[in-house]
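# Observations on chain architecture
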Amino acid sequence: MGRSIVNDGFVSAFHQFFTPESFTRICEVLAEVNASTLRKLLLEAWSIYTKDKTPITVQELQSIPVRRFNTKEKMERFDEIGDKVISELEKQYQRGKIWSVEYAKRHRDEFTPIEKGG
């Protein structure tokens, strides 16, 4: 996700990658691995992007115009949040403590090995 945000812009994560279910799960994982700053930023961005629509379907989410989803002030705040999210992701890599790796370590016994097909 981090690389996509940097390459395609912060809004791309909301328009291309997130579903309501995956966003909820990401926020749960961030809470579990104590990435509270990143979680709060994403929740605020989600609120701006969806105009606080809850619940929201995948179809509704994907129909939101990429650059016209809210007021000018809200969109400026969204962009500011995007910069902060990128900064938080960069800090993770600099510290060597990446939340997805931390999550995987905590749940390694729950993953099913991928078997090669014959």
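Residues numbered from 1 in each chain as written. Predicted model: local features only at pLDDT ≥ 70, side-chain atom pairs only at ≥ 80, totals over all residues. Heavy atoms only, no water.

## Re the overall build of the protein chain
Worth spelling out the cut-off: Under the scheme used here, helices are H or I runs from DSSP no shorter than 4 residues and strands are E runs no shorter than 2 residues, and both carry numbers assigned from the N terminus. Each residue gets one of three labels from its accessible area relative to the maximum for its type: buried under 20%, exposed over 50%, partly exposed in between, using a 1.4 Å probe on protein chains only. Any two residues whose heavy atoms approach within 4.5 Å are treated as being in contact. Residue-level accessible areas treat just the shown protein chains as cover; the underlying method is Shrake-Rupley with a 1.4 Å probe.
Scanning the protein chain from N- to C-terminus turns up 7 helices and 0 strands. Its helices and strands in sequence order give the protein chain the pattern α-α-α-α-α-α-α, from N to C terminus. Counting all 118 residues of the protein chain, 35% fall into the buried class. Looking at the protein chain alone, contacts between residues at least 24 apart form 63% of all its contacts between residues at least 6 apart. Roughly 8000 Å² of accessible area belongs to the protein chain as shown, and the carbon and sulfur atoms make up 50% of that amount.

## A short note on the packing of aromatic side chains
One pair of aromatic rings is described through two measures. These are the centre distance and the angle between the planes. Rule in force here: In summary, the pairing rule links any two rings of Phe, Tyr or Trp, Trp by its six-membered ring, whose centres are within 6.5 Å, and it sorts them by plane angle into stacked for under 30 degrees, edge-to-face for over 60 and tilted for everything else.
With the rule as written, the count across this model stands at 9 aromatic pairs. A centroid spacing of 6.3 Å and a plane angle of 40° characterise the contact between Phe14 and Phe23, whose relative ring orientation is tilted. Across the pair, exposure class does not vary: Phe14 and Phe23 are buried alike. Seen from their ring centres, Phe14 and Tyr49 are 5.4 Å apart, and the 40° between their planes marks the pair as tilted. With Phe14 in helix 2 (residues 10–17) and Tyr49 in helix 4 (residues 36–50), the pair connects residues that are 35 residues apart, well separated along the chain. The residues Phe14 and Tyr49 share a single accessibility class, namely buried.

## Comments concerning the layout of surface pockets
Rule in force here: Lining residues are those with an atom within 4 Å of a point, where the points come from a 1 Å grid over the protein atoms alone and group into cavities, where a 1.4 Å probe fits but cannot get out, or pockets, open sets with protein on both sides within 12 Å along at least five of seven lines. Grid points are joined across faces, edges and corners, and a volume is the space filled by probe spheres set on the points.
Approximately 230 Å³ is the volume attributed to the second largest pocket. Lining the second largest pocket are 13 residues, and of these Val33, Asn34, Ala35, Arg95 and Lys97 sit closest to its centre. Elements represented by at least two residues in the lining of the second largest pocket include exactly helix 4, helix 6 (72–95) and helix 7 (99–106).

## So, a positive patch on the surface
The condition that has to hold: To count toward a patch, a residue needs a relative accessible area over 30% and no salt bridge; like charges are then connected within 9 Å, while nonpolar side chains (Val, Leu, Ile, Met, Phe, Trp, Tyr) are connected within 5 Å. Salt bridge, as applied in this entry: a Lys or Arg side-chain nitrogen positioned within 4 Å of an Asp or Glu carboxyl oxygen. We count Lys and Arg on the positive side and Asp and Glu on the negative side, and we leave His and both chain ends out. We put the charge of a Lys on NZ, of an Arg on CZ, of an Asp on CG and of a Glu on CD.
Residues Arg95, Lys97, Lys105, Arg106 and Arg108 make up a contiguous surface patch of positive charge. Structurally, Arg95 can be placed in helix 6.

## Brief notes about the packing of helix 4 against helix 6
Rule in force here: Fitted lines through C-alpha atoms serve as axes, helices being fitted only where they are in contact, and the angles separating the N-to-C directions of these axes extend from 0 to 180 degrees. Angle categories are assigned with fixed cut-offs, so that under 35 degrees is roughly parallel, over 145 is roughly antiparallel, 65 to 115 is roughly perpendicular, and the rest are oblique. A clockwise turn of the near helix away from the far one marks a right-handed crossing, whereas an anticlockwise turn of less than a right angle marks a left-handed crossing. Under this grouping Gly is polar, as are all residues other than the nonpolar Ala, Val, Leu, Ile, Met, Phe, Trp, Tyr, Cys and Pro and the charged Asp, Glu, Lys and Arg.
Following both chains from N to C, one finds helix 4 and helix 6 inclined at 155°, their axes separated by 9 Å at the closest point. Between helix 4 and helix 6, the crossing angle belongs to the class labelled roughly antiparallel. Considering the relative orientation of helix 4 and helix 6, their crossing is left-handed. The residues of helix 6 that touch helix 4, namely those facing Thr37, Leu38, Leu41, Leu42, Glu44, Ala45, Ile48 and Tyr49, are Lys74, Arg77, Phe78, Ile81, Lys84, Val85, Glu88, Leu89 and Gln92. Residue composition of the contact of helix 4 with helix 6, grouped by class: 10 nonpolar, 2 polar and 5 charged.

## Here's the deal with unusual backbone geometry
In this model, Thr54 is joined to Pro55 through a cis peptide bond whose omega is -10°. You can see Pro55 is positioned in the loop between helix 4 and helix 5 (58–62). Of note in this structure, Asp52 is not a glycine but carries a positive phi near 60°. Looking at where Asp52 falls in the secondary structure, it is placed in the loop between helix 4 and helix 5.

It is worth stressing that arrangement in space is one thing and function is another; only the former is reported here.
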